[in-house]
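Topology and contacts: notes
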Amino acid sequence: QVQVAESGGGLVPPGGSLTLSCARSGGMYSIAEWGWYRQVPGEERELVATTLTFGTTKYADSVRGRFTVSRDKTTPSVSLQMNSLKPEDTAIYYCKLRGQLEFREPESTWWGQGTQVAVSS
């Protein structure tokens, strides 16, 4: 019943900014993790920035200080504000949601279909 979908990707010049959004449909009992990963074709998918329990966040070293992840409980959604973009930020960005649908049920993981971010002049 739960789905996530990304939006906001596009082409941006180096040094520019872009904001991604991941909206969730369907209810959940709890959320263990909700954030962003990225993948370049032929490479492993890697953490970009994610939100965890009790309002904590985790960032990749390569984006810390440039990217900001935040969760909106009312929408509900999670966003990724990307500043000072570099060509090496070019990738497909995926939304990841992990949590429980119901109390005492196992956790599940949901992935969005991805949104393309291209940093190029």
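Relevant structure appears above.
Residues numbered from 1 in each chain as written. Predicted model: local features only at pLDDT ≥ 70, side-chain atom pairs only at ≥ 80, totals over all residues. Heavy atoms only, no water.

Per the stated rule, a full pass over the model turns up one disulfide. The residue that forms a disulfide with cysteine 22 is cysteine 95, at a sulfur-sulfur distance of 2.0 Å. Classification of the bridge connecting cysteine 22 and cysteine 95 rests on its S-S torsion, roughly -75°, and on that basis the disulfide is left-handed. Note that cysteine 22 is positioned in strand S3 (residues 18–25) and cysteine 95 in strand S9 (residues 91–100), a separation of 73 residues in sequence. Both residues of the pair, cysteine 22 and cysteine 95, count as buried. (Disulfide = S-S within 2.5 Å. Helix = DSSP H or I, 4+ residues; strand = E, 2+ residues; numbered from the N terminus. Buried < 20%, exposed > 50% of the residue type's maximum accessible area, 1.4 Å probe, protein only.)

Another point: the pattern of salt bridges. Evaluated as defined, the whole model comprises seven salt bridges. Between glutamate 33 and lysine 96 there is a salt bridge, and its shortest N-O distance comes to 3.3 Å. Of the two residues, glutamate 33 sits in strand S4 (residues 30–39) while lysine 96 sits in strand S9, which places them 63 residues apart along the sequence. On the basis of relative accessibility, which here comes to 5%, the residue glutamate 33 falls in the buried class. Using a relative accessible area of 13% as the deciding quantity, one classes lysine 96 as buried. One salt bridge in this structure joins arginine 66 and aspartate 89, with 2.8 Å as the shortest N-O distance. You can see arginine 66 sitting in the loop between strand S6 (57–59) and strand S7 (67–72) and its partner aspartate 89 sitting in the loop between strand S8 (77–82) and S9, a full 23 residues away along the chain. Of the residues examined, arginine 66 reaches a relative accessible area of 12% and is grouped as buried. (Salt bridge = Lys/Arg side-chain N within 4 Å of Asp/Glu carboxyl O.)

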